[in-house]
Amino acid sequence: MKPAPKVSQGAFLIPYLIALVLEGIPIFYIELAIGQRLRRGSIGVWTAISPYLGGAPQGAAALSAGSAGKPVERQMLAQLREGPHGHEHDAPPSVQGPHVGWRGTSSRRPWGRQGAGVGCWVSGALWPGSGGGAECRLSAGLGCLTVSFLVSLYYNTVLTWVLWYLLNSFQYPLPWSSCPLDLNRTGFEAECQASSTVSYFWYRQTLNITADISDNGSIQWRLLACLAASWAVVYLCVIRGIESTGKAIYFTALFPYLVLTIFLIRGLTLPGAVKGLIYLFTPDVQVLQNPRVWLDAATQIFFSLSLALGGHIAFASYNPPRNNCEKDTVTIALVNSMTSLYASIAVFSVLGFKAANDHGRCLDRNALHLINEFDFPDQSISRGDYAAVLAHLNATQPERVARLPLEACRLEDFLDKSASGTGLAFIVFTEAILHMPGAPGWAVLFFSMLFTLGLSSMFGNMESIITPLLDMGVTHRFFPKEALTGLVCLLCFLLAICFTLQSGNYWLEVFDSYAAPLNLIIFAFLEVVGVTYVYGMHRFGDDIAGMTGRRPGLFWRVTWKVVSPLLLLSIFVAYVAVLAWTPLSYRAWDTQYARFPSRQEKSYPGWVQATCVLLCFLPSLWVPAVALGQLLAKRRWKQDTWQDRCPKLQDRGAS
């Protein structure tokens with residue numbers, strides 16, 4: 001659920017495409033190629049390249065489900081191709097053959113639960129008898145669990161909100177279409193009248209949000225019930241592993257395409273849709289002069305392609321050894337971008353319709369002020385005539401016009417007000433749906449699409465939790481996997497209750513903003529450097545030639561060796577600088593704020609800032625932790641070997 005950048009979308013496309021070519025596609029190619037060549041998951045791949053890199057994928061693999069906003073087709077390609085996640089013995093015969101969209105798994109080398117993991121076997125081969133295999137496997141599992149567990153806590157909370165809105169969509173009129181009556185039943189709620197109906201339903205009737213993150217408030221029981229229902233649905237879908245998720249994924253992956261197409265057809269027929277599309281594709285050159293736009297584009301590419309998350313390596317390990325992974329890289333990247341563009345057209349056509357409606361109502365309010373001030377006949381100033389009438393009055397009676405509380409009604413301003421993140425789904429788009437004929441039906445379609453998208457992402461997220469637990473052997477082999485899955489879902493549900501507090505939305509923003517971006521940059525840099533300089537460019541080129549029939553071209557070699565590492569290093573430095581120079585703050589919904597309904601900018605308390613910093617670096621800490629563990633294991637092995645030899649030497653000397 002990465003928030004969309006708050007800049008002109010046309011301007012954002014330019015740096016985004018540049019980042020896609022120089023950063024996204026080259027890293028994507030590395031992940032597909034190295035996974036297909038070594039035929040292991042991310043843990044085994046990077047530990048095989050170097051035991052000291054064993055911590056990189058462990059932190060990254062668990063982040064794969066945190067990209068709640070990932071495009072629809074990427075979920076479909078990934079989920080339909082998804083194999084048994086290394087546990088081939090868990091998959092039923094019906095799914096052990098070729099998967100939809102995949103080329104088969106018969107030659108796939110299992111990298112799962114059979115004794116020590118493959119990556120740990122590499123460590124054991126380096127230092128036999130050191131016990132490094134078990135330690136490596138434990139580090140890998142803990143690394144996966146750390147981020148994946150945190151992501152699952154807050155990500156399923158978003159599904160909770162979606163489910164709440166979906167249930168409320170089965171009524172007419174929609175509950176966010178009008179303000180409720182106050183306690184005296186003599187008027188409407190003041191908070192609703194001061195803001196808007198959709199904002200009031202979101203902040204007060206759904207979240208019942210507090211005015212400060214330090215004020216936890218009470219549990220919202222309606223959200224708690226929806227949270228329990230969401231976790232119950234997730235559990236039922238993943239209870240049998242790939243056997244159950246494989247059946248559900250056909251619907252959860254294809255249904256969003258159908259809904260997007262319906263919204264696109266309807267959106268293009270709405271008034272103002274063309275204005276929204278013009279706004280989407282018109283770049284603002286001045287915006288490109290802002291370095292933050294380029295930084296946002298460079299980081300957004302990680303969420304768009306799910307880079308440095310470990311999932312692509314695992315999926316590629318199911319490919320036949322001679323599969324053309326270069327062709328897959330370019331094809332999937334283009335399909336991903338085209339689907340993102342397809343979804344953007346559908347969204348901005350509806351947002352253009354909303355902006356046109358808001359612009360028209362703004363003109364109506366100003367026209368009413370002019371009619372009342374100058375005693376014009378009712379409805380004598382139409383929207384089309386307003387500009388001419390205002391210009392005439394400004395020329396003849398500027399003093400009287402200056403005293404009127406006229407608003408600046410510019411269509412571009414209303415297009416610029418499109419929110420990001422949860423605000424786009426629960427405020428902007430819900431308000432746009434209100435103005436569409438048959439609003440409840442459109443609301444049901446929209447929130448059903450969001451729920452299926454989130455549900456398909458949770459499938460992979462839960463596998464990234466269950467699989468390390470099985471690999472580490474935390475349960476007896478006779479302990480059923482269904483019971484372990486149930487225990488994990490129950491624990492996640494209990495810990496996620498904190499997000500149903502009145503301050504839960506603030507904490508979800510903390511997790512969403514600081515848990516993934518910086519770690520993804522670090523993991524991607526380690527991937528490129530690990531393959532290019534540790535594994536070796538010449539060796540990697542030989543591997544690609546063996547798989548595709550030709551060595552990588554000049555473009556790939558230059559980007560892997562020079563462009564991508566320097567770009568990632570620059571992004572890392574810039575991102576850390578932005579974090580250091582930008583105050584850690586949040587926007588609070590406070591009815592006592594002087595500029596309400598604008599959200600008040602507040603600084604995080606010290607203890608919350610410490611939490612933000614911890615989330616920024618916690619997954620990455622597994623890299624030095626695993627490296628340190630390998631060094632200690634190697635030293636211990638040398639000491640044990642020397643101690644074993646010393647008695648033999650003493651015995652020889654005595655004899």
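What you see as residue numbers is a count from 1 along each chain, following the sequence as written. Residues qualify for local features only when their pLDDT is at least 70, as the model is predicted, and side-chain atom pairs are given and counted only at 80 or more; totals for whole chains, interfaces and linings, by contrast, use all residues. Calculated side-chain values reflect all of the structure's heavy atoms, with hydrogen atoms and water omitted.

An unreviewed UniProt entry lists the protein under the name Inactive sodium-dependent neutral amino acid transporter B(0)AT3, from Ursus maritimus. UniProt positions are given in the numbering used here, feature names are shortened, and annotations may be inferred rather than shown by experiment. What the UniProt record of the protein gives under Subcellular location (unreviewed entry) is the line "Membrane".

Enquirer: Describe the state of the cysteines, naming the residues involved and giving the relevant values.
Expert: When the sulfur atoms of two cysteines come within 2.5 Å, that pair is taken as a disulfide. Counted according to the given criterion, the structure contains 2 disulfides. Residue pairing for C179: its cysteine sulfur links by disulfide to C192, the two sulfurs lying 2.0 Å apart. Around the S-S axis, the bridge from C179 to C192 shows a dihedral of about -80° and counts as left-handed. With C179 in the loop between helix 6 (132-168) and helix 7 (190-194) and C192 in helix 7, this pair connects stretches of sequence that are 13 residues apart. Between C362 and C409 runs a disulfide, and the two sulfur atoms are separated by 1.8 Å. Between C362 and C409, the S-S torsion sits near -75°, and that sign places the bridge as left-handed. Of this pair, C362 sits in helix 14 (residues 325-374) while C409 sits in the loop between helix 16 (398-402) and helix 17 (411-416), and the two are 47 residues apart along the sequence. One exposure class covers both C362 and C409, and it is buried. Labels follow the DSSP assignment, with helices taken as runs of H or I lasting at least four residues and strands as runs of E lasting at least two, numbered in each case from the N terminus. Whether a residue is buried, partly exposed or exposed follows from its accessible area with a 1.4 Å probe, protein chains only, as a fraction of its type maximum: under 20%, in between, or over 50%, in that order.

Enquirer: Can you lay out a nonpolar patch on the surface for me, pointing to particular residues and giving the numbers?
Expert: Residues I14, I18, V21, L22, W294 and F555 make up a contiguous nonpolar surface patch of about 460 Å² in total accessible area. Tallying contributions element by element places helix 1 (residues 9-38) first for the nonpolar patch, with 4 residues. Within the secondary structure, L22 sits in helix 1. The exposure class of L22 is partly exposed, given its relative accessible area of 30%. The residues that make up patches have over 30% relative accessible area and no salt bridge, and they are joined within 9 Å when like-charged or within 5 Å when they are Val, Leu, Ile, Met, Phe, Trp or Tyr. Methods summary: accessible areas were calculated by the Shrake-Rupley approach with a probe of 1.4 Å, and residue burial reflects only the protein chains presented. A carboxyl oxygen of Asp or Glu within 4 Å of a side-chain nitrogen of Lys or Arg is what we treat as a salt bridge.

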